[in-house]
Every structure is written in C-alpha cells, then in structure tokens.
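# A structural walkthrough
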Amino acid sequence: QLDASASSAGAQPMRSIAVATAALAGVVNMCLAAPAAPAPEQLHVYPATNNTADGMYTVLWVHQAPLAVVKAAAPALQQRTSAGLGAPATAAASCWTYDVDGFAGTICKAPVTGVPTGGSLQYRVGCDSLSWSTWRVLRSPAATAVRMLAYADGGIAWSNGTMAGLAADAATGQYGAVLNHGDISYANDYKPASNNSWVWDQYLNEAEAHLDGRAGPHVCIVGNHEAQHNFMPYLNRTAMPRGSTRPLGRFYSYTAVGPVSVISFSTEHDVSPGSEIFDFVASSLQHAASSSVRRERPWIVVQTHHPFLCTDLLTFSTRCVEQAERFRADLEGLFMVAKVDLFFSGHNHMLEASWPYANGTHSEDLHNAYERGTVYVVNGNFGDIEGIEPFFVENPGFRMLDSSMSVDTGYARLDVTMTSLAVDFVNSRTGSVWHNFTLTKDAQA
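Residues numbered from 1 in each chain as written. Predicted model: local features only at pLDDT ≥ 70, side-chain atom pairs only at ≥ 80, totals over all residues. Heavy atoms only, no water.

## Digging into the pairing of strand β18 (residues 342–345)
Covered by surrounding structure in β18 are Leu342 and Phe344 together with Phe343 and Ser345, the residues of both alternating faces. Sheet analysis places strand β17 (residues 299–303) next to β18, joined by three bridges and oriented parallel. Looking at the pairing, Gln303 lines up with Phe344 of β18. In terms of handedness, the path from β17 via helix α8 (residues 316–338) over to β18 forms a crossover that is right-handed. (Buried < 20%, exposed > 50% of the residue type's maximum accessible area, 1.4 Å probe, protein only. Helix = DSSP H or I, 4+ residues; strand = E, 2+ residues; numbered from the N terminus. Pairing = 2+ DSSP bridges. Right-handed = clockwise from strand over helix to strand, strands pointing away.)

Here it is in structure tokens:
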C-alpha cells in the first residue's frame, strides 16, 4: 500500500495506477482505518428465508469492542467458492449493540447468497483493521436427504461432552442443519441479571464449532430461560427470519430443510385458539400438509420448548399433566389434521420419546406412523447448570424409550430421506448411540 502521507506530484500517478489495478482485479476492501479491536468471535449462521433451497443465509458474529469503533471500521463478509477459487464477493455488515445484561460488545450480521442446494461455499467475516476470521465452510441441505443435529437446554456447565460431540459431528461435513428447541446458554441462572452477558458470550464461542455453518444453519426457538430482559439478549443474538410481520413474528418460523418442513414456535407466549401463534401454527401446518408440498417435503417436524407429552417424575403433575394437557388441547387437533410426524421439545432435562400418539391412544407401528399419531420427543439433556433429571413415571404405555436412572448428557442426530426418518440419541459421555428409532413411510403420491 502507498503511504497515506505521500503528497508529492510524482506520487499521484502511482496512487492512480494502484487504485485502478485493484479495481480491475476485483479486490474490494470494505475496511476503513480504525483503532485496533478484537477479532470476530461467536460466528453462527441462520436461514435468511423460509426455504434453505433459496441458498440465502445470515451470519452473525461479535466484536468485543464498542459500537463506534466497530462501525468506524466497516466490517464485512467475504464469500468465495467451496474450493476457495477466484476473488471473493464482499457484503457490508450491519452492526448494533444492546446493554441490558452488561454486554459491552458489538453484534454484526451480513448476508451470504448463492449457496448451492446440497453444496457449500466459504466465507469469512471481519475487516483488516479488526482482523478477519478464518475462512469457514457453510453447507446447505440437499433437496431429498439431510442429516441434522438436534438438542435443547444447553448451557456452559455440564455440557462439555455435548459441545465436543457436536463439534466432532459437524467436522465430518455430513450435516445440513441444527435444530435447537430452546433454553440457550442459561444466562439468567447467573446473577446479577445486569451482568451475565458473559454467559451468552462463552456459550456461543463454545458452540461456534457446530453453529458457524459447517453443519448447516441454526434453526432455533426460545425457551423460558431466554425470557430474561423481555427476550432482548435472544432477539439481539439470534437471527431466525420472522414468521410474519405481526408483533410476535420473531417467535415463530417455518423452515424448509431438504425433505423436511420444520415448524418452530414459542410456548412462552399464548398458543390458544385465536392467538397469533395459533394462527401461525395452523397456517404453517396447512401449507406443510398440502399434497404439493408433502410430495416435495414428506416429513413435518415441529419444535418448541415445552413438552406436549412427558413422564418426568419430578414435575409430572405440573409440566406433564397440567401444562402438557393444556398445550395438547390447544394444538393437538391441528397436529392430527396435518399428520405431524415428529415433535421435539426440551424443558425437562432428560430424554424420552413416545410411540405415535394422538387423542389419548398410541400405536407401536412406526411405518406410516403419521397416519395414527405424532412421535413426541423430550430432548432436553444437553447439559446445563441445573443438571439432569433421571427419574420417570413408571410404565406409561405410550413411552417408547427414556434415559431413566442416568445423569448423562446427550443430543440427537437425524438422518432423513424421502421415505425414512432415523433418530439416534447420542450419549455425550461415551460418544455412542444410546437409543434410536426409525420412522418409515410410503413414497408420497
């Protein structure tokens, strides 16, 4: 680079030549001179639309520096082919901050476009004066088959084995999406509430190894632990696309992920008939269950935080009877009409799954199970400061599997084709498959 202090007449032609050469080479430097600031961290990727086949994603990251410093540097995202060939395309970042929980850094986001279905590209974020991240891989799900990771109730305590397992799985390059059923970081369990943003920072730094796009986009929903400060940390630190322009649009979403329609919604808000969220669930299920969509995406997966069917002994009378029965009274009719295949929740820090269940009855036939009911999964044993619950109500007829008498943590792997949906539950301590089941169905006509 030319010295910015050069001012002689002889220096001007050289400056013009240098600028012209850079322009012809397609080299775009979005970074302006600014005081040094920490490198980008906490990279995580979200779908930018309701269909991953659009190839459009949003990358979020953090600089631990004041907003004015970061904005002065004009950070950006650069993307290039999966092989790293050619000059990268550059997109300017938008940046902001919030301060309710002691957060003093800056959050930035920028778009990635043109990711091929079933393929990948490389991206990096930052700036010369702030430094750049390393180049990362962003994978987009294939149209007819996808592997996904799934979990809920993840914190920074009791979770090392789970974080390590997810990172190892993501590094294989075999996954196309990450489903998160809520309770992200458990920051509100760390006091004082006015100074616990560091928990979010630590959690997202640890989770970066599976949320930065190498395992596909992060498809998430809120849990009760995000309610601190009226959900402000969650709303600032995630970027799921709005489910609508209505007031609660950030609290629900429809996402087409390969052969799966994923419907995510908050149970921290009213879901009763006539509510905004009920209307969203009804319209999304109607769309997902239509014959044209079901031929393209034969599986319907719903995720929220609170269980709709569970057998946790410690909270049975409240969460599994009073609350779960109320949720089913509100929404189970919609599930039955749409023939929802699989329901994921967390909240209870354990693992259990039901047989296909509807209207108080169950079936132990997993072929075309959606004709007879929905498989309800409680997948809340990621690991967090509150620990694991190992006790279950004995012998409920509808329960297919559980993690009874174990305090081990874990997560799920999904392997989905047009006619099968296999779920493996991984024990984070041993790294082995703990429990599993497979749903199968006839090809959609």
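## Here's the deal with the state of the cysteines
Counted according to the given criterion, the structure contains two disulfides. Covalently, Cys95 is tied to Cys108 through a disulfide, its sulfur atoms 2.2 Å apart. In this structure, the disulfide formed by Cys95 and Cys108 twists by about 105 degrees around the S-S bond and is classed as right-handed. With a gap of 13 residues between them, Cys95 in strand β5 (residues 94–96) and Cys108 in strand β6 (residues 106–112) connect regions that are remote in the sequence. Using a relative accessible area of 0% as the deciding quantity, one classes Cys108 as buried. A sulfur-sulfur separation of 2.1 Å characterises the disulfide bridge that pairs Cys310 with Cys320. (Disulfide = S-S within 2.5 Å.)

## As for the sheet that holds β6
With antiparallel pairing, the four strands of this open sheet are ordered in space as β1-β2-β6-β5. Two strands bound the open sheet, and with one partner strand each, they are β1 (41–47) and β5. Mean inter-strand twist for the sheet, computed between neighbouring axes without regard to direction, equals 20 degrees. Of the pairings in the sheet, the one linking β1 to strand β2 (residues 57–63) comprises five bridges and is antiparallel in character. Bridged to Glu41 within β2 is Val62. (Axes fitted to C-alpha atoms, helices over the stretch in contact; angles between N-to-C directions.)

## Looking at empty space enclosed by the protein
Scanning the entire structure with this criterion turns up three cavities of 30 Å³ or more. Here the largest cavity defines a volume of roughly 50 Å³. Lining the largest cavity are Ile184, Ser185, Ala187, Asn188, Trp200, His225, Glu226, Gln228, Pro233 and Tyr234. Breaking the lining of the largest cavity down by element, the ones donating at least two residues are β13 (184–185) and α5 (232–237). Split by residue class, the lining of the largest cavity holds five nonpolar, four polar and one charged. (1 Å grid on protein atoms, 1.4 Å probe; cavity = no way out; pocket = protein on both sides within 12 Å on 5 of 7 lines; lining within 4 Å. Points joined across faces, edges and corners; volume = space filled by probe spheres on them. Nonpolar A, V, L, I, M, F, W, Y, C, P; charged D, E, K, R; others polar.)

## Remarks on the packing of helix α3 (residues 160–171) against helix α4 (residues 197–211)
Following both chains from N to C, one finds α3 and α4 inclined at 30 degrees, their axes separated by 7 Å at the closest point. If you check the angle between α3 and α4, you find them roughly parallel. Residues Met163, Leu166, Ala167 and Ala170 of α3 form the contact with α4, whose participating residues are Tyr203, Glu206, Ala207, Ala209 and His210. Tallied by class, residues from the contact of α3 with α4 come to seven nonpolar, one polar and one charged. (Parallel < 35°, antiparallel > 145°, perpendicular 65-115°, else oblique. Contact = heavy atoms within 4.5 Å.)

## Structural notes on the pairing of strand β10 (residues 146–151)
The side chains of a regular strand alternate between both faces of the sheet. Burial within β10 is extensive, with five of its six residues counted as buried. When β10 meets strand β24 (residues 410–416), the two strands line up antiparallel, connected through five bridges. Along β24, the bridge assignment pairs Leu149 with Arg413. Bridging between β10 and strand β12 (residues 177–180) involves four bridges; their strand directions are parallel. For Tyr151, the partnering residue across the bridge sits in β12 and is Asn180.

## Quick look at the layout of surface pockets
Where empty space is left becomes clear once a probe the size of a water molecule has been rolled over the atoms. When its volume is computed, the second largest pocket comes out at roughly 160 Å³. Thr49, Asn50, Pro241, Arg242, Gly243, Ser253, Tyr254, Phe280, Ser283, Ser284 and His287 are the residues that line the second largest pocket. At the level of elements, β15 (252–257) and α6 (276–289) are the ones that each hand at least two residues to the lining of the second largest pocket. Class assignment of the residues belonging to the lining of the second largest pocket gives a composition of three nonpolar, seven polar and one charged.

## Structural notes on the nonpolar core
By size, the foremost hydrophobic cluster in this structure holds 64 residues, and its most contacted members are Met148, Tyr203, Leu342, Leu414, Leu421 and Phe437. Examining the composition of this core, we find that six residues originate from one element, α4, more than from any other. Excluding residues that lie within four positions of it along the chain, Tyr203 makes contacts with Tyr151, Gly154, Gly155, Ile156, Met163, Asn180, Ile184, Ser185 and Phe382. (Core = buried A, V, L, I, M, F, W, Y, C linked by side-chain atoms within 4.5 Å.)

## Points about α3
Here α3 is 12 residues long and its end C-alpha atoms lie 16 Å apart, about the 16 Å a rise of 1.5 Å per residue gives. Taken together, the buried positions of α3 are Thr162, Met163, Gly165, Leu166, Asp169 and Ala170. For α3, the angular spread of the buried residues around the axis is 165 degrees, confining them to a single face. The exposed residues of α3 that point more than 90 degrees off its buried face are Asn160 and Ala171. Along its buried surface, α3 packs onto β9 (136–139), β10, β11 (154–155), α4 and β24. (Expected span 1.5 Å × (residues − 1). Arc of directions from axis to C-beta.)

## Focus on the confidence of the model for the protein chain
Detailed reading of the predicted model is not advised wherever pLDDT is low. On average, the protein chain scores 92 in pLDDT, and the residues at 70 or more come to 92%. Summarising per-element confidence for the protein chain, the mean pLDDT is lowest in helix α1 (residues 11–24) (40) and highest in β18 (99). (pLDDT = per-residue confidence, 0-100.)

## Things to note about the packing of aromatic side chains
In this structure the tally under the stated criterion is 15 aromatic pairs. Here the aromatic rings of Tyr203 and Phe382 are separated by 6.4 Å at their centres, their planes lie at 45 degrees, and the arrangement is tilted. Of the two residues, Tyr203 is situated in helix α4 and Phe382 in the loop between β22 (375–379) and β23 (399–402); the sequence distance between them amounts to 179 residues. Here the aromatic cluster, defined as three or more aromatic residues joined through ring pairs, consists of Phe265, Phe308, Phe327, Phe335, Phe343, Tyr357, Tyr376 and Phe398. (Phe/Tyr/Trp six-rings, centres within 6.5 Å; stacked < 30°, edge-to-face > 60°.)

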